[in-house]
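Secondary and tertiary structure notes
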Amino acid sequence: MKDLIFRIRSSQYLSNNELVAIKVLFINILLLIVGVITVPINILFSGLTIVQIAFPLTFVLAFGASIILNLISKPRLAMTASIYAFIIVAASFFPTASPIYIYLMLFALLGVLIFYQDFYTFAIYGTVITIFGIIFLFFNIDTFTAEIFQQSATTQIVIYQGTLIIFYVFFLLNFINLEITNERYIKNFLESKTYTKNYIELIIKLKEAMNDRDRVKPIYDQSIFQQGLLETSTFLGEIFGFKAKEIQELVEFYLYLHEVDADLIISNKNINSKTKSFAKQLKRYLINQNNEFMGLVYELISETKQGLNNKIQNLDTRIHNSYHSSTDRFIATAAIYYYLRTEITQLDKWERTDENLTHQSVKDILMDSLVLNYLSPGEINLILDNDELFKRML
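A brief structural summary. (Residues numbered from 1 in each chain as written. Predicted model: local features only at pLDDT ≥ 70, side-chain atom pairs only at ≥ 80, totals over all residues. Heavy atoms only, no water.)

Across its full length, the protein chain holds 17 helices and two strands. Long-range pairs, those at least 24 residues apart, make up 56% of the contacts in the protein chain between residues at least 6 apart in sequence. (Helix = DSSP H or I, 4+ residues; strand = E, 2+ residues; numbered from the N terminus. Contact = heavy atoms within 4.5 Å.)

Attention now moves to the packing of aromatic side chains. For the coordinates displayed, the defined rule picks out 14 aromatic pairs. Ring plane angle 70° and centroid distance 5.1 Å describe the contact between F119 and Y120, whose orientation is recorded as edge-to-face. Pairwise contacts between aromatic rings join Y103, F107, F167, F170 and F171 into one cluster. (Phe/Tyr/Trp six-rings, centres within 6.5 Å; stacked < 30°, edge-to-face > 60°.)

Here we come to the nonpolar core. Counting residues in hydrophobic clusters, the biggest one holds 39 residues, and the most contacted among them are L31, F59, L113, Y116, F122 and L164. Within the residue set of this core, elements represented by two or more residues are helix 2 (16-45), helix 3 (49-71), helix 4 (75-91), helix 5 (99-116), helix 6 (119-139) and helix 7 (153-214). The biggest single contributor to this core is helix 5, with ten residues. Counting 14 residues, the second largest nonpolar core, distinct from the first, contains Y220, A262, L282 and M294. (Core = buried A, V, L, I, M, F, W, Y, C linked by side-chain atoms within 4.5 Å. Buried < 20%, exposed > 50% of the residue type's maximum accessible area, 1.4 Å probe, protein only.)

Our focus in this paragraph is the packing of helix 14 (residues 326-342) against helix 16 (residues 377-384). Where helix 14 meets helix 16, the axes come as close as 10 Å, and the angle between the chain directions of the two elements is 55°. Of the possible angle classes, the one that applies to helix 14 and helix 16 is oblique. Between helix 14 and helix 16 lies a crossing whose hand is right-handed. Facing helix 14, whose interface residues are R329, F330, T333 and Y337, helix 16 presents E379, L382 and I383. Grouping the constituent residues of the contact of helix 14 with helix 16 by class yields four nonpolar, one polar and two charged. (Axes fitted to C-alpha atoms, helices over the stretch in contact; angles between N-to-C directions. Parallel < 35°, antiparallel > 145°, perpendicular 65-115°, else oblique. Left-handed = near helix turned anticlockwise from the far one by under 90°. Nonpolar A, V, L, I, M, F, W, Y, C, P; charged D, E, K, R; others polar.)

Turning next to the packing of helix 9 (residues 244-257) against helix 11 (residues 273-282). In contact at an axis separation of 10 Å, helix 9 and helix 11 are set at 65° when each is read in the N-to-C sense. Where helix 9 crosses over helix 11, the two elements pack in a sense that is right-handed. Taking contact as the criterion, the partners of L250, F253, Y254 and L257 in helix 9 are, on helix 11, T275, F278, A279 and L282. The class makeup of the residues in the contact of helix 9 with helix 11 is seven nonpolar, one polar and no charged.

A contiguous nonpolar patch, built from L25, F26, I29, L32, I33, V36, I37, I41 and F115 and spanning about 840 Å² of accessible area, is present on the exposed surface. Relative to the elements of secondary structure, I33 occurs in helix 2. (Patch = residues over 30% accessible without salt bridge, like charges linked within 9 Å, V, L, I, M, F, W, Y side chains within 5 Å. Areas by Shrake-Rupley, 256 points an atom, 1.4 Å probe, with all protein chains shown as cover. Salt bridge = Lys/Arg side-chain N within 4 Å of Asp/Glu carboxyl O.)

Next up on the list: unusual backbone geometry. Phi angles above zero are rare outside glycine, and S73 is one such case at about 65°. Within the secondary structure, S73 is located in the loop between helix 3 and helix 4. Look at S73 and you get partly exposed, because its relative accessible area is 47%. Here R215, not a glycine, exhibits a phi torsion of approximately 55°, which is positive. Its location among the elements puts R215 in the loop between helix 7 and helix 8 (223-239). On the basis of relative accessible area, R215 is assigned to the exposed category, the value being 80%.

Take the pattern of salt bridges next. In a structure, side chains of opposite charge can pair up when their charged atoms sit close to one another. Enumeration according to the criterion identifies four salt bridges in this entry. Between R213 and D214 there is a salt bridge whose closest N-O contact spans 3.0 Å. Between R329 and E379 there is a salt bridge, with the nearest N and O atoms lying 3.8 Å from each other. Here R329, found in helix 14, pairs with E379, found in helix 16; they are 50 residues apart in sequence, far enough to count as distant. We classify E379 as buried; its relative accessible area is 1%.

Written as structure tokens, this is what we have:
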């Protein structure tokens, strides 16, 4: 939980488990409010001993387990415990509450599951709750006394159960769609992140090798960089109310971290917690390590550099630029047509390269705008306007 608070304060990327931990925290606050209201009511006004003793006790145990599990960084177990706590609260009203209130509680329970945005949790617990609701409504339909539906029990069953089923199915399909989309996104993100990390690692190693070859000090060891960092940090720190001396000490510590292993400082039990906290925060901004900060730096640098041109510059592919005579251009066009018709380039039904293009297939290719990179409109029309002549070439 401390690490989660640190990551939120540092505006870092949060994993799914960390997002679940935050959601559990909000649900626990809601459970506390609900428990303060419902537990005394059940103890004072319920005439059943099991409701007066068993339900409050099990609720407190489930609620306490949810809090403890969340504190020890077990967010998914904490989520399950909080769901059980809500189910216990709802179940405590079953012996005394009106069926219409129980019907609404089913939607409240599904709402908690929807809030967690977890497919497997909704698929398991949501299905159980919906099936229970269908059975419960079937055996208690006579007690639903909405006046506009009194004349037909069948109508009541269709409306109440249909509403519950549609609500469940809609969100189940939505979760399935989100699960498929997220899985595809996460896979692409992890592949991209792994590629970028490996690429940055090669850049850093190349930079170190070039510095050694040219006998150049690393930028963090150059006095001009150190002086600029110190002046900039002191200026910004004073704007936000920090003392200049504290900022200067922090800058010196940051430069020192480039010469040592920051992880050793963080894991050293003999170092005070404040120093460990500074090391943990500054580690993400070291310029001699492969981290997200350096990834962002090189990404910004790449935006200022000219990349490879996607146009072919060492080869002219247009016939009319290669041949000045109309006769030569027409002969070259005919040669291209002959090649397309006679060269085996197409796949047959067994996916083997065993067929060539037909006359109509060549005409279809000529209608594509990309052909203008090779043939001029006049050369294209030469083939299109002389169908029979070109057919007799073969």
